[in-house]
Amino acid sequence: VAHFEVLANGTTPLSYQWRKNGLDLPGATLRTLDIAPVNASHAGTYSVRVTNIFGLVDSAGAALVIAPIPVISSIVVTRQ
């Protein structure tokens, strides 16, 4: 699971829109964003836009990096 969370202050109500690589993620409008299960297609830079009646602010980006799965290149059997 990849878990993102934003803490924002301001005149309520606050609205949230999570983004990936600068594009809105449909339906991702809570203070938190959970991605599960995570796979290679989820890699990218995530940010959130917070708005209220006075305007909006975009967070800095957070990179989600997916490490490659292990690969077995060989098995060596020795006799002792």
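What counts and what doesn't
The residue numbering used here restarts from 1 in each chain and proceeds along that chain's sequence as written. It should be noted that, the model being predicted, local features are given only for residues of pLDDT at least 70 and side-chain atom pairs only at 80 or more, the latter also being counted only at that level, while totals for whole chains, interfaces and linings use all residues. Excluded from the side-chain calculation are hydrogens and water; included are all heavy atoms of the structure. The numbering of helices and of strands both runs from the N terminus, where a helix is a DSSP run of H or I of at least 4 residues and a strand a run of E of at least 2. Note on method: radius of gyration uses C-alpha positions; expected globular size equals 2.2 Å times residues raised to 0.38. Remark: exposure states derive from per-residue accessible area (1.4 Å probe, protein chains only) relative to the maximum for the residue type, with buried under 20%, exposed over 50%, and partly exposed in between. Between two residues, a contact is recorded if the distance between any of their heavy atoms is within 4.5 Å. Reported accessibility uses the Shrake-Rupley method at a 1.4 Å probe radius. Residues are deemed covered only where the shown protein chains occlude them. Counted as positive: Lys and Arg. Counted as negative: Asp and Glu, with His and the chain ends omitted from the count. Every charge is mapped to an atom, namely NZ of Lys, CZ of Arg, CG of Asp or CD of Glu. Side-chain atoms within 4.5 Å link the members of a nonpolar core, which is a set of buried Ala, Val, Leu, Ile, Met, Phe, Trp, Tyr and Cys residues.

Novice: I'd like a description of the overall build of the protein, backed by residues and values.
Specialist: Summing up its helical and strand segments, the protein has zero helices and seven strands in all. Ordering the α and β elements of the protein from the N terminus gives β-β-β-β-β-β-β. Over its C-alpha atoms the protein spans a radius of gyration of 19 Å, topping by over 25% the 12 Å that the globule rule assigns to 80 residues. Structurally, the protein occupies a C-alpha span of about 75 × 20 × 20 Å along its principal axes. For the protein, the residues scored as buried account for 24% of the 80 residues in total. Taking all contacts inside the protein whose residues are at least 6 apart in sequence as the whole, residues at least 24 apart take part in 51%. A total accessible area of about 6,100 Å² is found for the protein, and carbon and sulfur atoms account for 59% of it. The positive charge centre, built from 5 side chains, and the negative charge centre, built from 4, are 12 Å apart in the protein.

Novice: Run through the nonpolar core, naming residues and quoting values.
Specialist: Ranked by size, the top nonpolar core spans 13 residues in total, and within it Phe4, Trp18, Leu33 and Ile35 carry the most contacts. The set of elements that each furnish at least two residues to this core consists of β1 (2–5), β2 (15–20), β4 (32–35) and β5 (44–52).

Novice: Give me the lowdown on unusual backbone geometry, citing residues and values where you can.
Specialist: Backbone phi values are negative for most residues with the exception of glycine, while trans is the configuration of most peptide bonds. With an omega of 5°, the peptide bond running from Thr12 to Pro13 counts as cis. Tracing the backbone through its elements, the reader meets Pro13 in the loop between β1 and β2.

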